[in-house]
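The residues making up each chain are set out below.
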Amino acid sequence: AMIEPAFRALGLDWRYLTLEVRPEDLPAALAGARAFGFKGFNCTIPHKVAVIEHLDGLGESAKLMGAVNCVVERDGKLVGENTDGKGFVSSLREIADPAGKSCVIFGAGGAARAISVEMALAGCVKVTIVNRSSERGSELRELLVGDVNAACGGALEVDFVPWDGTYEIPADTDVVINATSIGLYPDVDARIALDTETLTPAMVVADVIPSPPETHVVRDARARGCKVIDGLGMLVAQGVIGIESWTGQPPDAAVMRGGLEEVFGA
Ligand code: NDP
């Protein structure tokens, strides 16, 4: 919905195909991608981790996260990248510089991991992970405190807060991110346990949910005067990074967002 229109707008006669691959067929699919001369591809669950052993190299953040969602052919080598967090950071940069910021992230799954690692690499100074399961929350905290902090100079402050009850955003927070799956279609009325009274106009509030993009988080944050990034913004931004890596040309983000809005009915 967004990739092929972007190719067309660039004047490229390229295709972006949806190919379903069973886990046991992953090695053959990778050999196929090489044989067909693919410039790259995206991969999703259940292949984000398993694909790594079939690649020739990894980008810095994909290596730290241990997950790949975008593969790029460079000089005959297949390199794994993770564009989920990069997409978030690039949408944020349109509004604010991540450097020096303090952020609160709800969730500790794949999206939270990608966003927190990329925010740390972009110079954010404090990450607070708020998650329902302590096991996953602590695991992400360990990753950030250890390898990620070492990769970005050692000045990162990391907190994990178990999410029981309504969370109040600390007043010194700059960026608030819903990186859970709460609000995703069809559970559109689900609300995250967040005290919206603690959101202030100085905060940037983001939601990863692309469908529907108008989540309760997005609406509540707008009503409180915050700057808002919706899940479509992040999805388009990661697509932009993928297309630019594959083609060497920057695609038209407005064309891409338009394509997605048709699908998600925004
Ligand atoms: P995961 O399954 O890895 O993680 C889900 C997270 O949501 C976990 O932290 C989980 O908490 C939390 N969660 C789910 N339901 C509840 C609940 N009822 N109460 C409290 N916490 C809850 O998913 P991903 O991280 O891969 O994806 C999350 C969302 O991000 C998806 O909806 C996906 O669509 C979106 N996404 C958007 C992208 C974009 O570009 N816009 C890119 C990537 C993802 P717990 O650990 O306690 O189970």
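Not measured: the values here are computed from a predicted model.

Cut-offs and rules
- Residues numbered from 1 in each chain as written.
- Predicted model: local features only at pLDDT ≥ 70, side-chain atom pairs only at ≥ 80, totals over all residues.
- Heavy atoms only, no water.
- Pairing = 2+ DSSP bridges.
- Helix = DSSP H or I, 4+ residues; strand = E, 2+ residues; numbered from the N terminus.
- Axes fitted to C-alpha atoms, helices over the stretch in contact; angles between N-to-C directions.
- Contact = heavy atoms within 4.5 Å.
- Near = heavy atom within 4 Å.
- Polar contact = N/O pair within 3.5 Å; in protein donor to acceptor, adjacent residues only side chain to side chain.
- Areas by Shrake-Rupley, 256 points an atom, 1.4 Å probe, with all protein chains shown as cover.
- Nonpolar A, V, L, I, M, F, W, Y, C, P; charged D, E, K, R; others polar.
- Buried < 20%, exposed > 50% of the residue type's maximum accessible area, 1.4 Å probe, protein only.
- Right-handed = clockwise from strand over helix to strand, strands pointing away.

A few words on the sheet that holds strand 8 (residues 175-178). Read across the open sheet, the six strands follow the order 7-6-5-8-9-10; overall the sheet is parallel. With one partner strand each, in any of the chains shown, strand 7 (157-162) and strand 10 (227-229) form the two edges of the open sheet. Averaged over neighbouring strand pairs, the angle between their axes works out to 15° when direction is ignored. Here strand 9 (residues 204-207) runs beside strand 10; their pairing, made up of three bridges, is parallel. If you follow Val204 over to strand 10, its bridge partner there is Lys227. Sheet strands in contact with helix 5 (residues 110-121) are strand 5 (102-106), strand 6 (126-131) and strand 8, and its direction is about 170° off that of strand 5.

Here we come to the site of the ligand. Taken together, 22 residues sit near the ligand, with Ala108, Ala111, Asn131, Arg132 and Ser133 positioned nearest. At a separation of 3.4 Å, an oxygen atom of the ligand approaches a polar backbone atom of Leu235. Within the complex, the protein chains bury 75% of what would otherwise be the 930 Å² of accessible surface of the ligand. Those elements that provide at least two residues to the shell around the ligand are helix 5 and helix 8 (231-247). The element best represented in the shell around the ligand is helix 8, accounting for three residues. Its residues assigned to classes, the shell around the ligand comprises eleven nonpolar, eight polar and three charged.

A large share of strand 6 lies buried, amounting to six of its six residues. Here strand 6 shows no split at all, with Lys126, Thr128 and Val130 on one side and Val127, Ile129 and Asn131 on the other all buried. The pairing of strand 5 with strand 6 spans five bridges and is classified as parallel. Within the sheet, the bridge partner assigned to Ser102 lies in strand 6 and is Lys126. Taken together, strand 5, helix 5 and strand 6 constitute a β-α-β crossover, and its handedness is right-handed. With six bridges connecting them, strand 6 and strand 7 associate as parallel partners. By the bridge assignment, Val130 is partnered in strand 7 with Val161.

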